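Structural overview
Below are the chains, spelled out letter by letter.
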There are 2 protein chains.
Amino acid sequence: MKAAPEREVDRSVSQTVKAQLALRDQILSGSLRPGERISELQAVETTGASRTPVRMALVRLEEEGLLEAIPSGGFMVKAFSERDIADSIELRGTLEGLAARFAAERGVSARELEPLKECLAAIDELLRQVPISIEAFSSYVALNARFHALLTELSRSPPLVRQIDRASALPFASPSGFVMAQSALPEAQQILIIGQEHHRVVIDAIENREGARAEAVMREHARLAVRNLRLALRNRTHLDLLPALALIKTATD
Amino acid sequence: MKAAPEREVDRSVSQTVKAQLALRDQILSGSLRPGERISELQAVETTGASRTPVRMALVRLEEEGLLEAIPSGGFMVKAFSERDIADSIELRGTLEGLAARFAAERGVSARELEPLKECLAAIDELLRQVPISIEAFSSYVALNARFHALLTELSRSPPLVRQIDRASALPFASPSGFVMAQSALPEAQQILIIGQEHHRVVIDAIENREGARAEAVMREHARLAVRNLRLALRNRTHLDLLPALALIKTATD
DNA sequence: TGTATGCGTTATGTATACATTAGCGGGAGA
DNA sequence: TCTCCCGCTAATGTATACATAACGCATACA
């Protein structure tokens, strides 16, 4: 590899993955503004990888939905309207509803539900704090993500799991920043408590093999998240806490 | 570009796109068997592009869901069970249901509905033939795809449109082969007629801004397609007409 | 002064060379 | 004869060189 002596190469992960992570981070952190053209050369410098892995990373990020190909060549950071993100959340909720229905209809053993119930209990524990601390919020975010991932898996449908993963890019673009901003709002904790109730109901519905009810509650769960988003956006004073919202173009619909 | 004199390069489309189309064709036509490792060098030979565009194409096809990355490196053709494909169809129908609901709720002008009604009329014309010819079936496939695409667009939700596109990879992997096989079945035309009725209902529901009804009928439409798939699979004698089903692994669930 | 054209620079698309790793086969020793 | 280890080969990951196309700027002409 001709070993350019001055450049230290990290061999623990592939250059492609490294570049992808670095670029995604730049996008989500707002270093790269929506609509901004992303220069390969510049990306090569900031990521430390060479052009080939950088290009692979760009293609992956395009497929992921964070970048958009420019017809004349190259890529730009995609810009989203507030409604785009709201739609993405509802979209994801719809798919999760399908997953919950599949889980209920196809049947799930008590053993498989155990980790979900553990998540539930852990979240209960966190929500007991009033008001909840920032640290507890971070834990909540992780647990919530875990709960949703586990629930998705219960569908036993690899294509659905895959699709939900893809649909999560936007809604969960930067969940920590998202929820931390929410924590600054008085209504935040109430919303989390309602969300937790949804979690409880969906488990119950799956246990009792009530597919329609399981599906309905997950869709309601998503609508709650949309209300949550709009609430956060109406409180623009907290927006500096929202790196995820760097994705929202200034002129929204 | 050093212009290797013996290799004729087609400059009308990018090498990356050319490679992607060629490889997808090889996968869907069954030249590459599910589970088979796909060799870059071999792909370079068959597509005529060099390794860089071929690799970009492979990454795109992986994101598209037709290929799977091998941990140790490289890609293999993904294998699907019958249930995977059925789930993909239902998944797509669920998203289309959401699109139909969005269209109904957000309102659609008569002008926007016109092309859909034209599709409808054209399909009606085709279905008047009993039994329907293979050529008419081909036209039907194109018109049906157009109808679904137009309907999706009515949602006015770019993220949803995008997601539906992605979700269509498997269900519509090779629609022509699919439907032509159906045409060999006596029940085929009846199914198409029911499907057309669904199309009519969804338009009506959108016109009358009945979101729930619009959504419900699209989901029913997908369930019809699943029944259709199962019907085709039960008639294994026609399977040689189904290149799309090359994707189904032999040992299904 | 404004517009159009041409040239130059820069960035992307493509090709290929190089490095590394994984997989496989052969040989040797127990 | 079986197993383990070493080395080779082939294919992937990475880097970079080259060609081309696009964009911008400057200049000239209307």
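Residues numbered from 1 in each chain as written. Chains lettered and ligands numbered in written order. Predicted model: local features only at pLDDT ≥ 70, side-chain atom pairs only at ≥ 80, totals over all residues. Heavy atoms only, no water.

**Concerning the overall build of chain A**
From N to C terminus, chain A includes ten helices and three strands. Listing every helix and strand of chain A by position from the N terminus yields α-β-α-α-β-β-α-α-α-α-α-α-α. Within chain A, the fraction of its 253 residues that count as buried is 52%. When contacts within chain A are restricted to residue pairs at least 6 apart in sequence, long-range pairs at least 24 apart make up 76% of them. (Helix = DSSP H or I, 4+ residues; strand = E, 2+ residues; numbered from the N terminus. Buried < 20%, exposed > 50% of the residue type's maximum accessible area, 1.4 Å probe, protein only. Contact = heavy atoms within 4.5 Å.)

**A word on the sheet that holds strand 2 (residues 67–69) of chain B**
Residue and element names in this part refer to chain B. The antiparallel open sheet is built from three strands, whose spatial order is 1-3-2. Each edge of the sheet is formed by a strand with only one pairing partner; in this case those strands are strand 1 (37–38) and strand 2. The pairing of strand 1 with strand 3 (residues 75–77) spans two bridges and is classified as antiparallel. Paired with Ile 38 across the two strands is Phe 75, which belongs to strand 3. (Pairing = 2+ DSSP bridges.)

**Remarks on the environment of Glu 207 of chain A**
Residues and elements named next belong to chain A. Considering the arrangement of structural elements, one finds Glu 207 in helix 9 (residues 188–207). The class for Glu 207 is partly exposed, based on a relative accessible area of 41%. Sequence spacing of Glu 207 and Ser 109 is 98 residues, and the spatial spacing of their C-alpha atoms is 8.4 Å. When near neighbours in sequence (up to four residues on either side) are disregarded, Glu 207 contacts Leu 113 and Lys 117.

**Re the side chain of His 148 of chain B**
Inspection of the secondary structure assignment puts His 148 of chain B in helix 6 (residues 134–153). Residue His 148 of chain B is classed as buried on the basis of its relative accessible area, which comes to 3%.

**Examining the relation of the copies chain B and chain A**
Between the two copies, chain B and chain A, the superposition gives an RMSD of 0.1 Å; the rotation angle is 180 degrees and the shift along the axis is 0.0 Å. Expressed as an axis order, the relation between the two copies is that of a two-fold axis. A symmetric contact is evident, with 100% of the interface residues of chain B recurring at the interface of chain A. (Least-squares fit on C-alpha atoms with pLDDT ≥ 70 in both.)

**Some words on the confidence of the model for chain A**
All names here are of chain A. With 81% of its residues at a pLDDT of 70 or more, chain A shows a mean pLDDT of 83. At the low end of the mean pLDDT range in chain A sits helix 8 (residues 175–183), at 49; at the high end sits helix 5 (residues 110–127), at 95. Contacts of residues 1–10 to residues separated by more than four positions or lying in other chains number four contacts, the stretch itself having pLDDT below 50. Between residues 237–245, whose pLDDT stays under 50, and residues either more than four places distant or in other chains, the model counts 21 contacts. (pLDDT = per-residue confidence, 0-100.)

**Notes on the interface of chain B and chain A**
Taken residue by residue, the interface counts 34 residues in chain B and 34 residues in chain A. Counting the surface lost from both chain B and chain A, the interface buries some 3000 Å², and carbon and sulfur atoms represent 49% of this. If you sort the residues of chain B by the area they bury against chain A, Arg 60, Glu 63 and Leu 91 of chain B come out on top, with a joint share of 19%. When the shortest N-O distance is used, the salt bridge between Glu 62 of chain B and Arg 60 of chain A registers 2.3 Å. Here the residues of the side of chain B that touches chain A sort into eleven nonpolar, five polar and 18 charged. (Buried area = accessible area lost by both parts, 1.4 Å probe. Salt bridge = Lys/Arg side-chain N within 4 Å of Asp/Glu carboxyl O. Nonpolar A, V, L, I, M, F, W, Y, C, P; charged D, E, K, R; others polar.)

**Some details on the environment of Leu 126 of chain B**
Of note, Leu 126 of chain B is situated in helix 5 (residues 110–127). C-alpha of Leu 126 of chain B to C-alpha of Ala 136 of chain B: the two residues are ten residues apart in sequence and 6.1 Å apart in space.

**Examining the sheet that holds strand 2 (residues 67–69) of chain A**
All names here are of chain A. Taken in spatial order, the three strands of this open sheet run 1-3-2, and their pairing is antiparallel. Each edge of the open sheet carries a strand with a single partner, namely strand 1 (37–38) and strand 2. Here strand 2 runs beside strand 3 (residues 75–77); their pairing, made up of three bridges, is antiparallel. Bridging across to strand 3, Ala 69 finds its partner in Phe 75. Against the sheet, helix 3 (residues 51–64) touches strand 1, strand 2 and strand 3, its axis set at about 105 degrees to strand 2. (Axes fitted to C-alpha atoms, helices over the stretch in contact; angles between N-to-C directions.)

**Some thoughts on the packing of helix 1 (residues 15–29) of chain A against helix 3 of chain A**
All names here are of chain A. Running from amino to carboxyl end, helix 1 crosses helix 3 at an angle of 55 degrees, the nearest separation of the two axes being 8 Å. On the basis of the axis angle, helix 1 is oblique to helix 3. In terms of crossing hand, the pair formed by helix 1 and helix 3 is right-handed. When helix 1 is examined against helix 3, the residues Gln 15, Thr 16, Ala 19, Gln 20, Leu 23, Arg 24 and Ile 27 are found in contact with a partner set consisting of Pro 53, Val 54, Met 56, Ala 57, Leu 58, Arg 60, Leu 61 and Glu 64. Residue composition of the contact of helix 1 with helix 3, by class: nine nonpolar, three polar and three charged. (Parallel < 35°, antiparallel > 145°, perpendicular 65-115°, else oblique. Left-handed = near helix turned anticlockwise from the far one by under 90°.)

**Some words on the pattern of salt bridges**
Tallied over the entire structure, the rule returns 42 salt bridges over all chains. For the salt bridge of Arg 101 of chain A with Glu 105 of chain A, the shortest nitrogen-to-oxygen distance reads 2.8 Å. You can see Arg 101 of chain A and its partner Glu 105 of chain A sitting in helix 4 (residues 82–106), four residues apart, about one turn around the helix. Arg 219 of chain A is paired through a salt bridge with Glu 215 of chain B; the nearest N and O atoms lie 2.7 Å apart. On the criterion of chain membership, the pair formed by Arg 219 of chain A in helix 10 (residues 211–234) and Glu 215 of chain B in helix 10 (residues 211–234) is interchain, its members lying in two chains. Considered together, Arg 219 of chain A and Glu 215 of chain B belong to a single accessibility category, that of buried residues. Through salt bridges with shared partners, a single network forms among Glu 90 and Arg 219 of chain A together with Arg 101, Glu 105 and Glu 215 of chain B.

**Side note on the nonpolar core**
Within the largest apolar cluster, 38 residues are counted, with the highest numbers of intra-cluster contacts made by Leu 67 of chain A together with Leu 67 of chain B. With residues up to four places along the chain from it excluded, the contact list for Leu 67 of chain B reads Ile 27, Ile 38, Leu 58, Leu 61, Glu 62, Phe 75, Met 76, Val 77 and Lys 78 of chain B. (Core = buried A, V, L, I, M, F, W, Y, C linked by side-chain atoms within 4.5 Å.)

**A few points about the environment of Val 141 of chain B**
Relative to the elements of secondary structure, Val 141 of chain B occurs in helix 6. Separated by 18 residues in the primary sequence, Val 141 of chain B and Ile 123 of chain B place their C-alpha atoms 9.5 Å from one another.

**Looking at the packing of aromatic side chains**
The tally for this structure, following the rule as stated, stands at zero aromatic pairs over all chains. Lying over the aromatic face of Phe 102 of chain A, Arg 106 of chain A brings its terminal NZ or CZ to 3.9 Å of the ring centre. (Phe/Tyr/Trp six-rings, centres within 6.5 Å; stacked < 30°, edge-to-face > 60°. Lys NZ or Arg CZ within 6 Å of the ring centre and 35° of its normal.)

**Concerning a nonpolar patch on the surface**
A surface patch of nonpolar side chains, amounting to about 230 Å² of accessible area, comprises Val 13, Val 17 and Leu 21 of chain A. For Leu 21 of chain A, the location among the structural elements is in helix 1. (Patch = residues over 30% accessible without salt bridge, like charges linked within 9 Å, V, L, I, M, F, W, Y side chains within 5 Å. Areas by Shrake-Rupley, 256 points an atom, 1.4 Å probe, with all protein chains shown as cover.)

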